[in-house]
Amino acid sequence: MNISKTISKNKHILYLLFVLIVFPLQFCKAANLSGIYYIDASNGLDSNSGQSELQAWKTFDNINKSVLSAGTKIFLKKGSVWNQRLVICGTGTVNNWISVGSYGNGPIKPIISLTNNKNDIALLITDLDKTSGTVKTQNISFIEIKDIEIANTRMGIYFRSVKATINTGLRVKNVTFNNINCDEVMLACNAGTDMTIKNAEITNQLSASKGNLLDQYGNAGGGKYEYIFPAAIFVGGKTMTGQR
């Protein structure tokens, strides 16, 4: 028996097992989420299932990397504060809306609070799905945001369509908006009295990349010619004309 050949063969088998087992785990695709999920900034853990109050997630990370199926509900814990963007990608139906709301006791709504930075968007609803690594078009329809507070951001809720052409149904109910502003942009656009200089600056701000958004090809540098002034709720993007 040739012991050296046996050892070499076993090494190859172990290497193949390593490739087949480890690498798919590193490059696995994010699965669609469906059902009800809870997020608690104080007591949650992102390693939990997220599917009950006792198993709540802590951050928005698991939502932000997923596509939501029709009827999915995201509940944020009352009294919690997140300094993080929430990204909703997915499409509901007329009978099964995707929704973001609140749970728990007390009068204090769950709050998404940022820093009034020029790239701040508190809640982004987007048609660009890049969870599989390659950008795809994902229609965004029948999505409801309710019973939360959004504060200290340039853009509150941005319903953004870059490639999709069938987007209908955006409902916002009982949402409090506080300090929706961006001094960096507003001061630049309002500086001086010369209208030629002002208009040039407005054009510069409008044409600049912003929001840490992807472009239609899935690359960094998006947001050009999409918006300029702060807004609590903004519906825009590249393909909004002629949609239904």
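Here the structure is a predicted model, which means the values were calculated and not measured.

The biggest cluster of nonpolar side chains holds 28 residues, and the ones touching the most others in it are Ile88, Leu123, Ile125 and Ile145. Contributing elements (two or more residues each) for this core: strand S1 (36-39), strand S2 (73-77), strand S4 (86-88), strand S5 (98-103), strand S7 (121-126), strand S10 (143-146) and strand S12 (155-161). Broken down by element, this core gets its largest block of residues, three residues, from S7. Once you skip the residues sitting within four places of it in the chain, isoleucine 145 turns out to touch Val100, Leu123, Ile125, Ile157, Arg171, Val172, Lys173 and Val175. Counting residues in each nonpolar core, the second largest holds eight residues, with Ile121, Tyr158, Leu213 and Tyr227 among its members.

Residue aspartate 147 is not a glycine yet carries a positive backbone phi of 60 degrees. Checked against the element boundaries, aspartate 147 lands in the loop between S10 and strand S11 (149-153). Positive phi, normally seen in glycine, also occurs at asparagine 179, with a value near 55 degrees. Within the secondary structure layout, asparagine 179 lies in strand S14 (residues 176-180).

Turning to the environment of lysine 58, a few remarks are in order. Topologically, lysine 58 is positioned in the loop between S1 and helix H2 (61-64). Assessed through its relative accessible area of 35%, lysine 58 is described here as partly exposed. Sequence separation between lysine 58 and serine 80 is 22 residues; the distance between their C-alpha atoms is 9.7 Å. In contact with lysine 58, not counting residues within four places along its chain, are Ile39, Asp40, Ala41, Ser42, Gly44, Leu45, Asp46 and Trp82.

What sets the pattern is the α-helix's 3.6 residues per turn: residues three or four places apart point alike. Taking 1.5 Å per residue as the helical rise, helix H4 (residues 195-207) with its 13 residues ought to reach 18 Å, and the 18 Å between its terminal C-alpha atoms agrees with that figure. The backbone nitrogen of threonine 196 lies 2.9 Å from a side-chain oxygen of the residue at the head of H4, namely aspartate 194.

The next thing to look at is the packing of helix H3 (residues 183-190) against H4. Between two packed helices, the angle of one axis relative to the other and the distance separating the axes together describe the packing. With their axes 7 Å apart at the nearest point, H3 and H4 run at an angle of 150 degrees to one another. If you check the angle between H3 and H4, you find them roughly antiparallel. Contact residues: Val185, Ala188, Cys189 and Asn190 in H3; Lys198, Glu201, Ile202 and Gln205 in H4.

For a regular strand, side chains alternate in direction, first toward one face of the sheet and then toward the other. Bridge count between S5 and S10: three bridges; the pairing is parallel. Bridging from a neighbouring strand, serine 99 pairs with glutamate 144 of S10. Across four bridges, the pairing between S10 and strand S13 (residues 170-173) is parallel. For isoleucine 145, the partnering residue across the bridge sits in S13 and is valine 172.

Time to look at the environment of glycine 236. For glycine 236, the position within the fold is in strand S15 (residues 231-237). Residue glycine 236 is classed as buried on the basis of its relative accessible area of 7%. When the C-alpha atoms of glycine 236 and tyrosine 225 are compared, they prove to be 9.9 Å apart, with eleven residues separating the residues in sequence.

This paragraph deals with the confidence of the model for the chain. Put simply, the chain has an average pLDDT of 85, and 84% of its residues get 70 or more. Note that pLDDT drops below 50 for residues 3-9; the model gives that stretch one contact with residues more than four away or on any other chain.

Attention now goes to the side chain of arginine 85. With respect to the secondary-structure elements, arginine 85 resides in the loop between strand S3 (81-82) and S4. One buried charge, arginine 85, has no salt-bridge partner; the nearest side chain with opposite charge is aspartate 120, at 6.1 Å. Among the polar contacts listed, one links the side chain of arginine 85 to the backbone oxygen of asparagine 119, at a separation of 2.9 Å. Side-chain polar atoms of arginine 85 contact the backbone oxygen of glycine 211, separated by 2.8 Å. If we ignore the near neighbours within four places in the chain, the residues touching arginine 85 are Phe60, Asn64, Leu114, Asn119, Asp120, Ile121, Ala122, Leu124, Gly211, Asn212 and Leu213.

Criteria and cut-off values
- Each chain carries its own residue numbering, running from 1 in the direction its sequence is written.
- This being a predicted model, a pLDDT of at least 70 is required before a residue's local features are given, and a value of 80 or more before pairs of side-chain atoms are given or counted; all residues contribute to the totals for chains, interfaces and linings.
- By convention in this description, side-chain values take in all heavy atoms of the structure and omit both hydrogens and water.
- Within this scheme, the nonpolar core is defined by two criteria: the residues are buried Ala, Val, Leu, Ile, Met, Phe, Trp, Tyr or Cys, and they are joined through side-chain atoms within 4.5 Å.
- To sort residues, take the accessible area from a 1.4 Å probe on protein chains only and compare it with the maximum for the residue type: under 20% means buried, over 50% means exposed, and anything in between is partly exposed.
- Here a helix means four or more residues in a row that DSSP labels H or I, a strand means two or more in a row labelled E, and each is numbered from the N terminus.
- Here, two residues are considered to be in contact whenever any of their heavy atoms come within 4.5 Å of each other.
- Working rule for helices: expected span equals 1.5 Å times residues minus one.
- Each polar contact in these results corresponds to two N or O atoms within 3.5 Å; when the atoms are within protein, one needs to be able to donate a hydrogen and the other to accept it, and residues that are neighboring in sequence are counted only if both atoms are side-chain atoms.
- Between N-to-C directions, angles span 0 to 180 degrees; the directions come from axes that are lines fitted to C-alpha atoms, helices contributing only their stretch in contact.
- Relative orientations are named as follows: roughly parallel for angles under 35 degrees, roughly antiparallel for angles over 145 degrees, roughly perpendicular for angles from 65 to 115 degrees, and oblique for any other angle.
- For two strands to be treated as a pair, DSSP must find no fewer than two bridges joining them.
- The score called pLDDT rates the predictor's confidence residue by residue, from a low of 0 to a high of 100.
- We count Lys and Arg on the positive side and Asp and Glu on the negative side, and we leave His and both chain ends out.
- The term salt bridge refers to a side-chain nitrogen of Lys or Arg lying within 4 Å of a carboxyl oxygen of Asp or Glu.

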